[in-house]
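# Fold and contact review
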Amino acid sequence: MEPPLESARETPTTADTAAEFLSLIGLEELEWCLFAETLAVVAVGDPLRDKAEGQWWMAAQWAPYQREGEPVQSCILVQTRFRGKQDGVPVNSTLKAYVTWQLETLEQEEQECLELRPHPTEKTTHIVSHEHGMTVMKTLRQGEAEPQCLGFSYSRDKLRGVLLEGASLLLLRVLARRQTMPADLVFPAINTEGDLCTSSYSALGIQRQAVGSAETEVLVIKRAVHTSTGASTVWHGSFLPNGHLAQLMQVGSPVLMLQQDESILSKSGRFESKLPFPKEPLDWEEDMQLYSCFLDRKDELQLSHAAYLQQHPEVRALLSDFLQALLLQQPHDPISFAAEFFAHQRPFGTPYASSEAASPFPNSPPGHSPADSK
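Residues numbered from 1 in each chain as written. Predicted model: local features only at pLDDT ≥ 70, side-chain atom pairs only at ≥ 80, totals over all residues. Heavy atoms only, no water.

### Points about the packing of helix 7 (residues 314–329) against helix 8 (residues 334–343)
Where helix 7 meets helix 8, the axes come as close as 11 Å, and the angle between the chain directions of the two elements is 135 degrees. Between helix 7 and helix 8, the crossing angle belongs to the class labelled oblique. The element helix 7 and its partner helix 8 pack so that their crossing is right-handed. Contact residues: Leu318, Asp321, Phe322, Ala325, Leu326 and Gln329 in helix 7; Pro334, Phe337, Ala338, Phe341 and Phe342 in helix 8. Across the contact of helix 7 with helix 8, the residue classes tally to nine nonpolar, one polar and one charged. (Axes fitted to C-alpha atoms, helices over the stretch in contact; angles between N-to-C directions. Helix = DSSP H or I, 4+ residues; strand = E, 2+ residues; numbered from the N terminus. Parallel < 35°, antiparallel > 145°, perpendicular 65-115°, else oblique. Left-handed = near helix turned anticlockwise from the far one by under 90°. Contact = heavy atoms within 4.5 Å. Nonpolar A, V, L, I, M, F, W, Y, C, P; charged D, E, K, R; others polar.)

### Observations concerning the confidence of the model for the protein
Looking at the protein, the pLDDT average stands at 82 and 82% of residues meet or exceed 70. Here helix 1 (residues 5–10) stands out as the least confident element of the protein, with mean pLDDT 35; helix 4 (residues 165–178) is the most confident, with 95. Predicted confidence for residues 1–11 stays below pLDDT 50, and this span has zero contacts to residues more than four positions away or in other chains. Taken as a whole, residues 268–279 scores under 50 in pLDDT and shows 15 contacts with residues more than four places along the chain or in a different chain. (pLDDT = per-residue confidence, 0-100.)

### Points about the environment of Leu140
Position of Leu140 relative to the elements: it lies in strand 7 (residues 133–142). The exposure class of Leu140 is partly exposed, given its relative accessible area of 27%. Spatially, the C-alpha atom of Leu140 lies 7.4 Å from that of Thr121, the residues being 19 residues apart in sequence. When neighbours within four sequence positions are excluded, Leu140 is seen to be in contact with Thr121, Glu122, Lys123, Pro147 and Gln148. (Buried < 20%, exposed > 50% of the residue type's maximum accessible area, 1.4 Å probe, protein only.)

### Quick notes on the pairing of strand 1 (residues 36–43)
Along a regular strand, successive side chains alternate from one face of the sheet to the other. Burial analysis of strand 1 places six of its eight residues in the buried class, the great majority of the element. In this structure, strand 1 lies alongside strand 2 (residues 54–65), joined through six bridges in antiparallel fashion. Of the residues in strand 2, the one forming a bridge with Thr38 is Trp57. Where strand 1 lies against strand 14 (residues 255–258), four bridges are found, and the strand directions are antiparallel. Of the residues in strand 14, the one forming a bridge with Ala40 is Leu258. (Pairing = 2+ DSSP bridges.)

### Observations regarding the side chain of Asn242
Considering the arrangement of structural elements, one finds Asn242 in the loop between strand 12 (232–239) and strand 13 (245–250). We classify Asn242 as buried; its relative accessible area is 9%. A distance of 3.0 Å separates a polar atom in the side chain of Asn242 from the backbone nitrogen of His244. (Polar contact = N/O pair within 3.5 Å; in protein donor to acceptor, adjacent residues only side chain to side chain.)

What follows is the structure in structure tokens.
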């Protein structure tokens, strides 16, 4: 006998459960997950694990995000970069995602470049969220041939609780810091091909693993991306209690990513490194990818600074008042003068001096002048 219609409606779906789980993640939890880390790419089973064949890097930070015709909003910028080899072919892949603190993706772009000779292949998947849902644009470029483009959209009712790649990396850090997670954690997702799928998360327990020359306990989290055909891509991530990765590997891949910086263990209270990890000299201006990241970061900072000044016009007024007072008083010790000036500032909107005031400092009695001033 079929259940009544009302009961069927009340049964929570995967999307409902996923959306509810994401809504319970606090802003303070995410604040602890905003950091950068770098892992070395090494061959699986290679005893010489200090011989890196590439690098995997991830960073999460607050950044401004703006669409045409809309105000600037603050969100989390998640970026990853992988450089290594796949079946002997050099591979470069990047991810750039703008995510709200509720882990909703505003925009995301994944790019993979296989340096095949003489016809390198570049694949890009660009996803943009809008009021009606999400639009996916796939681009494939092979050698000098014209790029092949394919675009399509998903309606918002199919995307409730959806978790894209950038947001997923943040979620993994949250779960690692909690050191606990539900038994069945499943989210709607969109894979690297732009197709709807699901991603599941499960804990494989606490293990002991090496970080450089030290050994520590890590929480191993399994993440699987399931397609409609039944095929799955499975990742195992080993996390320290502070959310940093100790190891990351895709099941079946000939390479894995290893954390070799022992200094991060001291942040989790488990190991104090005595010798710093040696750094190799790097001419980043000659590295086109790093230089491109530098220019991107420079633009992001400029946008962030401009947005902040636009939101707080009192900053320019405050600096203008200070500079005027400094030039009028011309103190011998400008540092002490600045300390006294800003220590006596009133809330914005109250002038620091009036035509009757003998001092630029709001709380100074008439006739008082700052120390060491002319």
